[in-house]
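Fold and contact review
The residues making up each chain are set out below.
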Amino acid sequence: MASPQLIALHQRANAGDPEAVAFTAVVAALGVGERPSWSRALDRLKRAAKLGSASAEGQLAVLEASGFIGPPRPIKEHRLLADPRITSLPGFLPAPACEWLVGRAAGHTRLAETYDPKTGERHVDPERNNSAIGFAFPAFDLVIVAIRARIATAIGAPVQRLEPAQVLHYAPGQQFGRHHDFLDPDLPGLAAEVASRGQRVATFLIYLNSGFEGGETDFPLVGVTYKGEPGDGLTFANVDRAGGPDRRTLHAGLPPRSGEKWLFSQWIRNRTAI
Ligand SMILES: O=C(O)CCC(=O)C(=O)O
């Protein structure tokens, strides 16, 4: 956010605009134009709730119920495969936070896009017909900030390496066909992207709901098929130990046969991504 916008935000917040106060909580947590502070962020969110922000009140309830207020909860890991590294994280995100994400996304998703390997531009790919919504800084709330911080802790990377987050939605028959998440530096359209913003070295997924058949995350070349319960995480490296693309990480979001699938998807770069 440019400085004039930040000044305007704080002016609105000082004037008592509840939603502006709520967003200054995000600004405090991320340290935009100020020293980052989680406790100041929570104080601001509480003030926004007192001023009448329903969103702030909802965020506080979700943060409280999901273990984001108070001592951090231990993160459980279960190694599914050592090489390439594929790890599940049972119970990574409590149900209220999963429901919050679905609530933020529902009704706002659009046909998902991928990188065109020739041009490096975003484009609609016939292999990917599910829908998605991206959450970048101006669309963050404190719940999303907290989830991204927990992901950064789990994978041992600074949060600045996380790309904007996405929530994916699959109706029956919709899929994210077989693909790699690394950006192939051999493809002309992607080499520039890798050079300017770094390689996408890891992926972190969180299953957000139940009540669908099929819809697994499938790694056909290494024989791993995973389907999480709501809140379960799945993370995998997209590159080998030398940092080069690992083609064995080919994977797909299989289509649900019935019901709807919601998934939080977070790609991680090897350097600052936002
Ligand atoms: O929907 C899934 O299970 C997979 C999602 C995926 O492949 C991705 O976000 O890169």
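Above this text you will find the structure in question.
This write-up is about the structure you can find in this document. If you're wondering where the values come from, they're calculated on a predicted model, not measured in any experiment. (Residues numbered from 1 in each chain as written. Predicted model: local features only at pLDDT ≥ 70, side-chain atom pairs only at ≥ 80, totals over all residues.)

A word on the site of the ligand. If you check the shell around the ligand, you find Leu 168, Phe 176, Asp 181, Thr 203, Leu 205, Thr 217, His 251, Gly 253, Leu 263 and Ser 265 and nothing else. Of all the secondary structure elements, the ones that give two or more residues to the shell around the ligand are strand E9 (200-207), strand E14 (251-253) and strand E16 (261-269). (Near = placed C-beta within 6 Å. Helix = DSSP H or I, 4+ residues; strand = E, 2+ residues; numbered from the N terminus.)

Looking now at the sheet that holds strand E1 (residues 78-81). One open sheet accounts for 8 strands, arranged E1-E2-E13-E9-E16-E7-E6-E3; its pairing is antiparallel. Because the sheet does not close on itself, it has two edges, and the strands there are E1 and strand E3 (110-111). When E9 meets E16, the two strands line up antiparallel, connected through 7 bridges. Bridged to Ala 202 within E16 is Ile 268. (Pairing = 2+ DSSP bridges.)

A separate point is the packing of helix H2 (residues 18-30) against helix H3 (residues 38-50). For the pair H2 and H3, the least separation of the axes is 8 Å and the interaxial angle reads 170°. Overall, the two elements H2 and H3 adopt an arrangement that is roughly antiparallel. Where H2 abuts H3, its residues Pro 18, Val 21, Ala 22, Thr 24, Ala 25, Ala 28 and Ala 29 lie against Trp 38, Arg 40, Ala 41, Arg 44, Leu 45, Arg 47 and Ala 48. Among the residues making up the contact of H2 with H3, the classes are represented as 10 nonpolar, 1 polar and 3 charged. (Axes fitted to C-alpha atoms, helices over the stretch in contact; angles between N-to-C directions. Parallel < 35°, antiparallel > 145°, perpendicular 65-115°, else oblique. Contact = placed C-beta atoms within 7 Å. Nonpolar A, V, L, I, M, F, W, Y, C, P; charged D, E, K, R; others polar.)

Let us look at helix H6 (residues 142-155). The end-to-end C-alpha distance of H6, which contains 14 residues, comes to 20 Å, matching closely the 20 Å that a straight helix rising 1.5 Å per residue would cover. Counting buried positions along H6 gives 10 out of 14 residues, so the element sits mostly inside the fold. Of the residues making up H6, those classed as buried are Leu 142, Val 143, Ile 144, Val 145, Ala 146, Ile 147, Arg 148, Arg 150, Ile 151 and Ile 155. Taken from the residues just after H6, Gly 156 is the one with a positive phi, measuring 70°. (Expected span 1.5 Å × (residues − 1). Buried ≥ 20, exposed ≤ 12 C-beta atoms within 10 Å, placed from the backbone.)

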